[in-house]
Amino acid sequence: MSNIRHTPQAPTRAQVLAAGERIDAHRHDDHQIVYAGSGVLAVATDAGTWFAPGTRALWVPAGTVHAHRAYGHLDLHLVGLPADDNPLGLDAPGVLAVSPLLRELILAYTRAPEDTSPERVRLLAVLRDQLRASPQAPTRLPTPADPRLAAVCALVHAAPADQRTLAALGAATGTGERTLSRLFRREFGMTFPQWRTQSRLYHALRLLADDTAVTTVAHRCGWSSASAFIDVFRKAYGYTPGRHQGRVGERPARDPAAGPPPTLQ
């Protein structure tokens, strides 16, 4: 990332971003929690793109260069924490499951950032406790370093509905299936089907944020039917795609950190 802006203090505030609006690459000397109350947020770092619907929050450690992009009407909530206040103990970006209680704490704490009352201090203490108790819930599209892997990932990103196998994609880019399989595990820590499912979910979230019909999203992103898409989405995020499109203030149907989404072959 070039032209990186340095803002020493990570702000605590709520703001609205229009669909497609961006916050350019920047870094803070503080940690920051980033949460989307509506819409879908994508946070890009050198390590990859992290994305969060309403059952996820992003942890951005102090010093991490990152940029934001809004998909759909984004109700953005930011919580800054001093560099010596790390309730998660994480020194790399991460994604956290957001319970209904944690959601309400984030919304309440960012509503009046200028408030220094004892009540708000206690609110932050409870928010920290909930952060410590929140399980990590990976929703990251890692950035490939190896050009052979990058070529295959680019094909999948360009056409999420492409059903070609890894062997066929390797043939199209001049790399063997076994080599690519090793690269996916070595660089991303996941298999090709697992990575492709994450990629398709990422594209699906973007389309849903633009109010695209669920059936249309399913077919554009490579699922054989709307019901198959709904099942994968529910297991990944805790509610259906239809509820996601009108989810502001609603309670998730299940614990969103109940395990990784199933993979597509």
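Residues numbered from 1 in each chain as written. Predicted model: local features only at pLDDT ≥ 70, side-chain atom pairs only at ≥ 80, totals over all residues. Heavy atoms only, no water.

1. Let's talk about the overall build of the chain
Where we set the bar: Comment: elements are numbered from the N terminus, with helices defined as DSSP H or I runs of at least four residues and strands as E runs of at least two. We compute the radius of gyration over the C-alpha atoms and compare it with the globule rule, which gives 2.2 Å times the number of residues raised to the power 0.38. Any two residues having at least one pair of non-hydrogen atoms within 4.5 Å are treated as being in contact.
Secondary structure summary: the chain contains 9 helices and 9 strands in total. The C-alpha radius of gyration computed for the chain amounts to 19 Å, which stays within 12% of the reference 18 Å derived for 265 residues, consistent with globular compactness. Its C-alpha atoms give the chain principal-axis dimensions of roughly 60 × 35 × 30 Å. In the chain, once contacts between residues fewer than 6 apart in sequence are set aside, the share between residues at least 24 apart is 71%.

2. Let's talk about helix α1 (residues 100-111)
We count it as follows: Residue count minus one, scaled by 1.5 Å, sets the expected span of a helix. Type-normalised accessible area, obtained with a 1.4 Å probe on protein chains alone, sets the label of each residue: buried when under 20%, exposed when over 50%, and partly exposed for intermediate values.
The first and last C-alpha atoms of α1 sit 17 Å apart over 12 residues, in line with the 16 Å expected at 1.5 Å per residue. Residues of α1 that are buried: L102, R103, L105, I106, L107, Y109 and T110. Here the buried face of α1 lies against β2 (13-17), β4 (31-45), β7 (66-81), β8 (94-97) and α2 (118-133).

3. Section: the environment of I4
When you line up the elements, I4 lands in the segment before β1 (5-6). Between the C-alpha atoms of I4 and A67, which are 63 residues apart in sequence, the distance is 9.4 Å. Once you skip the residues sitting within four places of it in the chain, I4 turns out to touch A25, H26, R27 and V65.

4. Brief notes about the layout of surface pockets
Rules: Using only the protein atoms, space was sampled on a 1 Å grid; points where a 1.4 Å probe fits but cannot get out form cavities, open sets with protein on both sides within 12 Å along at least five of seven lines form pockets, and lining residues are those with an atom within 4 Å of a point. Grid points are joined across faces, edges and corners, and a volume is the space filled by probe spheres set on the points. Residues are grouped as follows: Ala, Val, Leu, Ile, Met, Phe, Trp, Tyr, Cys and Pro are nonpolar; Asp, Glu, Lys and Arg are charged; all remaining types, including Gly, are polar.
Each pocket or cavity is described by its volume, and for the second largest pocket that value is around 210 Å³. Lining the second largest pocket are 15 residues; nearest its centre among them are A42, A44, T49, Y71 and Y202. Sorting the residues of the lining of the second largest pocket by element identifies β3 (22-27), β4, β7 and β9 (140-142) as the ones contributing at least two each. In terms of residue count, β7 provides more of the lining of the second largest pocket than any other element does, 4 residues in total. Here the residues of the lining of the second largest pocket are counted per class, giving 8 nonpolar, 4 polar and 3 charged.

5. Here's the deal with the nonpolar core
For clarity, the cut-off: Working definition of a nonpolar core: buried Ala, Val, Leu, Ile, Met, Phe, Trp, Tyr and Cys residues. They are joined through side-chain atoms within 4.5 Å.
Among the nonpolar cores identified, the biggest contains 36 residues, and F184, W195, W223, F229 and F233 are the most heavily contacted of them. Among the secondary structure elements, those contributing two or more residues to this core are β4, α3 (147-158), α4 (166-173), α5 (177-188), α6 (192-209), α7 (214-220) and α8 (226-237). If one sorts the elements of this core by residue count, α6 sits on top with 9 residues. In this view, W195 contacts L141, P142, C153, V156, H157, F184, F188 and M190; residues no more than four positions away in its chain are not counted.

6. What about the confidence of the model for the chain?
Convention followed: Every residue gets a pLDDT, meaning the predictor's confidence in that residue, from 0 to 100.
Mean pLDDT over the chain stands at 87; residues scoring 70 or higher make up 90%. Contacts from residues 247-265, a stretch scored under 50 in pLDDT, to residues over four places away or in other chains number 51 contacts.

7. Describing the packing of aromatic side chains
For clarity, the threshold we go by: Here a Phe, Tyr or Trp ring, Trp counted by its six-membered ring, pairs with any other such ring whose centre lies within 6.5 Å, and the pair is stacked when the planes are under 30 degrees apart, edge-to-face when over 60, and tilted otherwise. By the criterion adopted, a ring carries a charge over it if an Arg CZ or a Lys NZ lies within 6 Å of its centre and within 35 degrees of its normal.
Scanning the model with the defined rule gives 9 aromatic pairs in all. Plain terms: the ring middles of F184 and F188 are 5.7 Å apart, the flat faces sit at 75° to each other, and that makes the pair edge-to-face. Linking F184 with F188, this pair stays in helix α5, spanning 4 residues, or about one helical turn. Given the relative accessible area of 8%, F188 is considered buried. Judged by centre distance (6.4 Å) and plane angle (20°), the rings of F188 and W195 are stacked. An aromatic cluster is present here, built from F184, F188, F192 and W195 joined pairwise through their rings. The positively charged end of R120 is found above the aromatic ring belonging to Y109, 3.8 Å away from the centroid.

8. Considering the pattern of salt bridges
Under the convention used in this document: For this document, the term salt bridge refers to a Lys or Arg side-chain nitrogen within 4 Å of an Asp or Glu carboxyl oxygen.
Counting across every chain of the model gives 8 salt bridges. One salt bridge connects D29 with R27, and the closest N-O pair in it is separated by 4.0 Å.

9. Some details on unusual backbone geometry
For D211, which is not a glycine, the phi torsion comes out positive at approximately 65°. Within the secondary structure, D211 is located in the loop between α6 and α7.

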